[in-house]
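Here's the letter readout for the chains.
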Amino acid sequence: MTTTTLAVLVPVLPFLGAVAGLLLGRTAPGFVRPLAVLPTLAAAALAVLVAVRQGGGKPIVAATELTPTGSVPIDLALYLDGFAVLAAVLVGLVATCVQLYSTAYLREDPRYPSYAALVSLFTSAMLLVVYSGDLMVLLVGWEIMGICSYFLVGHYWETEAARSASLKAFLVTKLGDVPFLFGLFALAVDAGSFQITRILGAVASGGLDHPTLIALLLLAGVAGKSAQFPLHTWLPDAMAGPTPVSALIHAATMVAAGVYFIARLLPVFTASQAALVVMAVMAAVTMIGSALAALAQDDIKRVLAYSTIGQLGYMVGALAVADRGAAVFHLLSHGAFKALLFLGAGVIIHAAGTNSLSAMARMDGLAKRIPDAYWTMTVALLALAALPPFAGFFSKEAVLVAAEHAAVGETELAPTAAGWTVLVAGLVTALITAAYATRLWLMAFRGRGAAAPDHGREPLAMTGVLWLLAVPSITFGLAGYVLDDWFDGHPLTPTAATSVLGIGAALIGALVTYGLWQRASAALARQAAGARPAPGTEPASVAAAEEVASAAQAPEVAEVTHEHPGVPTAPAADPGRALLGPLHRHAEAGFHLDAVYAALFVRPVLAAAGLVRFLDREVVDTYVRGAGAAPRLLGTLVRRAQTGNVQTYLSALLGGSVVLAVAVAVLANVNAGS
């Protein structure tokens, strides 16, 4: 088969698997798991073959007109460059791991058939986005992912948290999609085509009349889809869905789509210096704010969710300094270790029976109960903290190097302001990232208290996937040395300056966090022995106990198929409180952005809706009711005259006749007298 044919099959196979799974889910349940895993696995294998054939060389382009429009045509087109084929391999790998993992994780779930079909459809939509060479076809995959995320995040629809989170994810991303759609239309009108190759040609020849407007409109859609400030608030709440769904969304599909889109059309954004500065500021605020929020979360999945937002900020920052190679390199690296982190968190939740880090911190020996998750998550957290030789170090360094080059004016495409903004924010975020990664590891695996429950080893379908993902989390960083041609042909190797700064920041964050954890543990030990608690310890302890109680009721805990003892609710050693101080309460609440949005948008809209309802019911309906009341009254009077008594009718007829006769006589006399 030709490379083009193979590329067409890559998104088609998961789509067919999704359709077959939905059709056979109830009539032939034995086929559900094979239909979930095998088409996705085949798509991943074909994606690898396509990547090998493309080889990082000249892009492979194929197009056929899908439908005439009378103006700008819509084509069914493929555009396979180094970025596209590598991104497709990531999507296929993570989706296969998620499907395998889910066969064990959701083995008792009665809605598993629909879940597996939606995951396959989600995968197919992302692969369509990755391979598409036409923006309208790309938009189809873009919107299908939004629908799939709505159903998957709301998988536990019996709970209010899942219902609210799915609706919030859908509405916030759609809020960004409205200007995104206008931006696509404006771009197509200026370029005369929806095809990516023609758009890039028009940009190169200066054919865009409104580059800044187009870039900002498109950036709004990317902010919604890739959870960037100020449209990032949906992603932490989306943790109400199953953990494998979180892994898929965070590592390889929905949130990666926005970054990938900008990388595809980066010349459109570099045509406007103002747009790049806006992008850099957005990335900087996202990186630092999300890292601080991650440091304050008690739910292990919310920590990882805010981590994803921050890492996406790194990718957007790389694009803001006009280096899509660094952005996609970090996207691929992050996809591997973030999928590992979420799937490892699922194993921890299964073993501990809670999402709460504070509860885990009160369990002794949890690491020994789940050694596979312990070792693989340690690898993933080291990659997240960007320590060498793990993959996250090399990809994050590539971003910092790109920002450094822009800051010192070594690139003409990006303004120096964008370079300095991304560089400073990236270094600050590196320190905080290492801090919350260390905090998560200490609280999850170095707890002190009652013995953790022992349920034996977790299923091979879950632990085997963790070790598979650990391989790229360790080794993929070396890709920057051997895959130059796949990343625009320029090296992605770290420099001495950024390496020293990045590693130094990470070590400071990790060591300070460890020291504060040791101090907090000692303070709790003294408190347990009857010593007087340190000033400020008691309020934090009470708050921690409340957090544990709420996190223990997370809907996903119901998926655990073995019995657990009661979740500990005693206070736990949390270095995040000491690190953040008075900022902790605000960071824990996401800096109250949801409250701000509720005050600025939700409540006014609800008030306006209440006013419209009042006017409709009390004003408009009053006129309608009045128009009907008069005929009803007349009908009531006439109905009373219809007694059915013939004598009454004759009397009325006679009386009327007499009245008419008298009236005629009177009128005749009047006329005669005049």
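Note that the structure is a prediction, hence the values are computed from the model and not measured.

Participant: Describe the overall build of the protein, and please don't skip the residues or the numbers.
Facilitator: Secondary structure assignment for the protein yields 28 helices and four strands. Across its three principal directions, the C-alpha atoms of the protein cover 125 × 75 × 55 Å. Relative to all contacts within the protein whose residues are 6 or more apart in sequence, the contacts with residues 24 or more apart total 82%. Accessible surface, the protein as shown: approximately 27200 Å² in total, 69% of it carbon and sulfur. For the protein, the distance from the average position of its 36 positive side-chain charges to the average position of its 39 negative side-chain charges is 8 Å.

Participant: Could you give an account of the packing of aromatic side chains, naming the residues involved and the relevant values?
Facilitator: In the structure shown here, the tally under the stated rule is 18 aromatic pairs. Considering the side-chain rings of Tyr-374 and Phe-445, the 5.1 Å spacing of their centres and the 80° angle between planes classify their relative orientation as edge-to-face. In this pair, Tyr-374 is assigned in helix 18 (residues 371-384) and Phe-445 in helix 20 (residues 416-445), connecting sequence segments 71 residues apart. With a centroid separation of 6.1 Å and an interplanar angle of 80°, the aromatic rings of Phe-394 and Tyr-481 are classed as edge-to-face. Highlighted residues: Phe-394 in helix 19 (residues 391-407) and Tyr-481 in helix 22 (residues 479-482), separated in sequence by 87 residues. A relative accessible area of 46% means that Tyr-481 is categorised as partly exposed. Chaining the aromatic ring pairs together yields one cluster made of Phe-83, Phe-329, Phe-476 and Phe-487. Over the ring of Tyr-112 we find Arg-33; its NZ or CZ atom is 4.5 Å from the centre of that ring.

Participant: Summarise unusual backbone geometry; cite the residues concerned and give the values.
Facilitator: Across the junction of Phe-229 and Pro-230, the peptide omega takes the value 10°, indicating a cis bond. Along the chain, Pro-230 falls in the loop between helix 8 (211-225) and helix 9 (234-237). Each neighbour pair has its own omega, and for Pro-388 with Pro-389 the value is 5°, a cis peptide bond. Along the polypeptide, Pro-389 turns up in the loop between helix 18 and helix 19. In this structure, Ala-386 takes a positive phi of about 60° despite not being glycine.

Participant: Now, about the pattern of salt bridges: what can you tell me, with residues and values included?
Facilitator: Under the defined criterion, the tally for this structure stands at eight salt bridges. The shortest N-O distance in the salt bridge between Glu-158 and Arg-111 comes to 2.9 Å. Here Glu-158, found in the loop between helix 5 (135-153) and helix 6 (160-191), pairs with Arg-111, found in the loop between helix 3 (82-105) and helix 4 (112-131); they are 47 residues apart in sequence, far enough to count as distant. Glu-158 gets classed as partly exposed once you look at its relative accessible area, which sits at 47%. Linking Asp-237 and Lys-168 is a salt bridge whose minimum nitrogen-to-oxygen distance equals 2.7 Å. Note that Asp-237 is positioned in helix 9 and Lys-168 in helix 6, a separation of 69 residues in sequence. For Asp-237, a relative accessible area of 23% puts it in the partly exposed group. Each of Lys-168, Asp-237, Arg-302 and Asp-594 takes part in salt bridges that share partners, so that together they form one network.

Participant: Account for the side chain of Thr-96, with residues named and values stated.
Facilitator: By the secondary structure assignment, Thr-96 is in helix 3. Note on Thr-96: relative accessible area 7%, which makes it buried. Within the local environment of Thr-96, its side chain forms a polar contact with the backbone oxygen of Thr-40, the two atoms lying 3.4 Å apart.

Participant: Go over empty space enclosed by the protein, please, and point to the residues and values.
Facilitator: Gaps between atoms show up when a probe of the same size as a water molecule is rolled over them. In the structure shown here, the tally under the stated rule is four cavities of 30 Å³ or more. Roughly 50 Å³ of volume is contained in the largest cavity. Lining the largest cavity are 10 residues, and of these Ile-370, Pro-371, Asp-372, Arg-457 and Glu-458 lie nearest its centre. Looking at the lining of the largest cavity, the element that brings in the most residues is helix 18, giving three residues. Residues belonging to the lining of the largest cavity are distributed by class as follows: four nonpolar, two polar and four charged.

Participant: Let's hear about the nonpolar core: which residues, and what values?
Facilitator: Core analysis: the largest hydrophobic core is formed by 206 residues, its most contacted members being Tyr-131, Trp-234, Phe-261, Val-268, Phe-269 and Phe-487. The contacts of Phe-487, once residues within four sequence positions are left out, are Phe-83, Leu-86, Gly-325, Val-328, Phe-329, Leu-332 and Leu-492.

Participant: Can you lay out a nonpolar patch on the surface for me, pointing to particular residues and giving the numbers?
Facilitator: Where nonpolar side chains cluster on the molecular surface, the patch consists of Val-8, Val-12, Phe-15, Leu-16, Val-19, Leu-23, Leu-24 and Phe-31 and spans about 690 Å² of accessible area. Mapped onto the elements of the fold, Val-19 is located in helix 1 (residues 3-24). The class of Val-19 is partly exposed, set by a relative accessible area of 35%.

Participant: Give me the lowdown on the side chain of Ser-333, citing residues and values where you can.
Facilitator: Assignment of secondary structure puts Ser-333 in helix 15 (residues 324-352). With residues near it in sequence (within four places) discarded, Ser-333 still touches Ala-391, Gly-392, Ser-395 and Phe-476.

Participant: Provide a residue-level description of helix 1, including the pertinent values.
Facilitator: Side chains of residues three or four places apart in an α-helix project in the same direction, reflecting 3.6 residues per turn. The terminal C-alpha atoms of helix 1 lie 32 Å apart, and with 22 residues this matches the ideal 32 Å at 1.5 Å per residue to within 8%. Of all the bends found along helix 1, the most pronounced is centred on Val-10 and spans about 30°, while Pro-11, a proline, follows it within four residues. Regarding helix 1, the residues found buried are Thr-3, Leu-6, Ala-7, Val-10, Pro-11, Pro-14, Gly-17, Ala-18 and Gly-21. Where the residues of helix 1 are buried, they touch helix 2 (32-54), strand 1 (60-67), strand 2 (74-80) and helix 4.

Participant: How would you summarise the environment of Val-91 if you had to cite specific residues and measurements?
Facilitator: Mapped onto the fold, Val-91 is located in helix 3. The exposure class assigned to Val-91 is buried, which follows from its relative accessible area of 1%. Setting aside chain neighbours within four positions, we find Val-91 in contact with Thr-123, Met-126, Leu-127, Val-130 and Ala-252.

Participant: Explain the packing of helix 20 against helix 23 (residues 496-528) residue by residue, including any values.
Facilitator: Interaxial distance between helix 20 and helix 23 falls to 7 Å at its minimum, and their mutual angle equals 35°. As helix 20 packs across helix 23, the resulting crossing turns out to be right-handed. Along its contact with helix 20, which presents Leu-427, Ala-430, Leu-431, Ala-434, Ala-435, Thr-438, Arg-439 and Leu-442, the element helix 23 presents Leu-501, Gly-502, Ala-505, Ala-506, Ile-508, Gly-509, Ala-510, Thr-513, Tyr-514 and Trp-517. Of the residues assigned to the contact of helix 20 with helix 23, the class counts are 13 nonpolar, four polar and one charged.

Participant: Tell me what's going on with the confidence of the model for the protein, and back it up with residues and numbers.
Facilitator: Taken over all residues, the pLDDT of the protein has a mean of 88, while the share at 70 or more is 93%. Contacts for the low-pLDDT stretch residues 533-553, under 50 throughout, to residues beyond four places or in other chains number 30 contacts. In this model residues 560-566 is a low-confidence stretch, pLDDT under 50, and it forms 17 contacts with partners more than four residues away in sequence or in other chains.

Participant: Give a description of the state of the cysteines that names residues and reports values.
Facilitator: The tally for this structure, following the rule as stated, stands at zero disulfides. For the unlinked cysteine Cys-148, the closest cysteine sulfur is that of Cys-97, found at 19 Å.

Cut-offs and rules
Counting restarts for each chain: residues are numbered from 1 in the order of the written sequence. Reporting in this predicted model follows two pLDDT cut-offs: at least 70 for local features of residues, and 80 or more for side-chain atom pairs to be given and counted; totals over whole chains, interfaces and linings ignore these cut-offs and use all residues. Hydrogens are left out, water is left out, and the side-chain values use all remaining heavy atoms of the structure. Secondary structure elements are defined from DSSP: runs of H or I of at least 4 residues count as helices, runs of E of at least 2 residues count as strands, and each element is numbered from the N terminus. Should any heavy atoms of two residues lie within 4.5 Å, those residues are considered in contact. Only the protein chains shown count as cover for residues, with accessible areas throughout obtained via the Shrake-Rupley method and a probe of 1.4 Å. Here the positive residues are Lys and Arg and the negative ones are Asp and Glu; neither His nor the chain ends is included. Note on charges: their place is set at NZ of Lys, CZ of Arg, CG of Asp or CD of Glu. Pairing of aromatic side chains here covers Phe, Tyr and the six-membered ring of Trp, requires ring centres within 6.5 Å, and sorts the geometry by plane angle: under 30 degrees stacked, over 60 edge-to-face, intermediate tilted. Partly exposed describes any residue whose relative accessible area lies between the buried limit of under 20% and the exposed limit of over 50%, with all areas from a 1.4 Å probe on protein chains only and scaled to the type maximum. In this scheme, the term charge over a ring applies when either NZ of a lysine or CZ of an arginine sits within 6 Å of the ring centre and within 35 degrees of the ring normal. In what follows, salt bridge is the name for a side-chain nitrogen of Lys or Arg lying within 4 Å of a carboxyl oxygen of Asp or Glu. Any pair of N or O atoms that falls within 3.5 Å is considered a polar contact. Within protein, one atom must be able to donate a hydrogen and the other to accept it, and sequence-neighbouring residues count only if both atoms are side-chain atoms. As defined here, a cavity is a set of points on a 1 Å grid over the protein atoms alone where a 1.4 Å probe fits but cannot get out. A pocket is an open set with protein on both sides within 12 Å along at least five of seven lines, and residues line them when an atom is within 4 Å of a point. Grid points are joined across faces, edges and corners, and a volume is the space filled by probe spheres set on the points. Any residue that is not Ala, Val, Leu, Ile, Met, Phe, Trp, Tyr, Cys, Pro, Asp, Glu, Lys or Arg is counted as polar, Gly included; the first ten are nonpolar and the last four charged. Among buried residues, those of type Ala, Val, Leu, Ile, Met, Phe, Trp, Tyr and Cys that are joined through side-chain atoms within 4.5 Å constitute a nonpolar core. Exposure above 30% relative accessible area and the absence of a salt bridge qualify a residue for a patch, where like charges join within 9 Å and nonpolar side chains (Val, Leu, Ile, Met, Phe, Trp, Tyr) within 5 Å. Expected span of a helix: the number of residues minus one, times 1.5 Å. To get the bend at a residue, fit one axis to the 7 residues ending there and another to the 7 starting there, then take the angle between the axes. For helices, the fitted line uses only the C-alpha atoms of the stretch in contact; every axis is such a line through C-alpha atoms, and the angle between N-to-C directions lies from 0 to 180 degrees. Each crossing gets its hand from how the near helix is turned against the far one by less than a right angle, where anticlockwise is left-handed and clockwise is right-handed. A residue's pLDDT is the confidence the predictor assigns to it, expressed on a 0 to 100 scale. Note on terminology: pairs of cysteine sulfur atoms within 2.5 Å are recorded as disulfides.

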